[in-house]
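Each chain, letter by letter, is given below.
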Amino acid sequence: MKNLFLGLIFLISAHLFAQEKQFVEISYLMEVQMDVEQIISQVPQEYRAMVADQIRQELAEGIYIDYTLVTNSNESVYQMVEQINNSQTRGGMIAQQVRSFDKGVTYKNINENYYLKPIDAFGTSYLLKDDLQNHRWEITRDKQEIAGYETRFATGILEINDSITPVKAWFAPKIAIKDGPGSFWGLPGMILKTEFEMNGAHVIITAKEIKVREKPLVIKKPSGGKEVTIVEFQNEMKAIQEKYQEMMGEGVDISE
């Protein structure tokens, strides 16, 4: 009788664990909104007339970039969707800059509280490894339907280069995974939408399609490159830029 009881407990526990384990693939669309005149004013005067109309047209049409998130409930990979064929446009100058900056995947490990992101800079391959941010979420009673799921609204913060910016987020409790697009995570449900400011741009990331898979999804963990924390990476970039400026100021030929 005792063995039967223990066997039932084991089966129930295994069933509950299987229920908690979810394999989800989500398509997101990132929209980047910018002030046209502010962007044009940052272009050097000698090039402003050449690119002003192009920038105005690009911002009028809108900057949209597709991403996907694949998760097994604990590990996830978030990455930009590559163009399928040459007939698809890569967007204007601003969209291309965003694409070139965010080529690498963002890998998150929720249980172990860290993320990985490969970055190539100044001819060196880096692998950022650092703790996941504490976004200090505050959940409200507001609700909204996104991609067929009822979501709850929350507010939090995002730390970027020693500055703090407010973040809005909508999460789906029925997708019981504490994950989301990019670096966002930590709510009691998958984050399906976020809004925040970054480098003078208003960014909106919204889930468009959600697929719950029955079979396990393979999560490929990035590797290779010089492993650094975000602070170490920023310090190296600052040192390289200062050295470059010093060499330019001394008239050193760095083309060789």
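Residues numbered from 1 in each chain as written. Predicted model: local features only at pLDDT ≥ 70, side-chain atom pairs only at ≥ 80, totals over all residues. Heavy atoms only, no water.

A. The arrangement of the overall build of the protein in detail. Regarding its fold elements, the protein presents 5 helices and 12 strands. The 256 residues of the protein split such that 39% are buried. The long-range fraction of contacts in the protein, counting pairs at least 24 apart against all pairs at least 6 apart in sequence, stands at 57%. When the accessible surface of the protein is split by element, carbon and sulfur atoms take 52% of a total near 16200 Å². (Helix = DSSP H or I, 4+ residues; strand = E, 2+ residues; numbered from the N terminus. Buried < 20%, exposed > 50% of the residue type's maximum accessible area, 1.4 Å probe, protein only. Contact = heavy atoms within 4.5 Å. Areas by Shrake-Rupley, 256 points an atom, 1.4 Å probe, with all protein chains shown as cover.)

B. Layout of the packing of aromatic side chains. What the rule picks out here adds up to 6 aromatic pairs. Here the aromatic rings of Phe-153 and Trp-170 are separated by 4.9 Å at their centres, their planes lie at 45°, and the arrangement is tilted. Separated by 17 residues along the polypeptide, Phe-153 in strand β8 (residues 149-160) and Trp-170 in strand β9 (residues 163-172) bring together distant segments of the chain. Side by side, Phe-153 and Trp-170 carry an identical accessibility label, which is buried. A connected cluster of aromatic rings, assembled from ring pairs, spans Tyr-28, Tyr-67 and Tyr-78. One residue, Lys-129, lies across the ring of Tyr-114, its end atom 4.9 Å from the ring centre. The cationic tip of Lys-193 hangs over the ring face of Trp-170; the distance from NZ or CZ to the ring centre is 4.8 Å. (Phe/Tyr/Trp six-rings, centres within 6.5 Å; stacked < 30°, edge-to-face > 60°. Lys NZ or Arg CZ within 6 Å of the ring centre and 35° of its normal.)

C. Expanded view of the pairing of strand β6 (residues 124-131). Across 8 bridges, strand β5 (residues 114-121) lies against β6 in antiparallel orientation. Across the sheet, residue Leu-116 finds its bridge partner in β6, namely Lys-129. Following β5, the chain reverses through 2 residues before pairing antiparallel with β6; Phe-122 in that reversal takes a positive phi of roughly 55°. (Pairing = 2+ DSSP bridges.)

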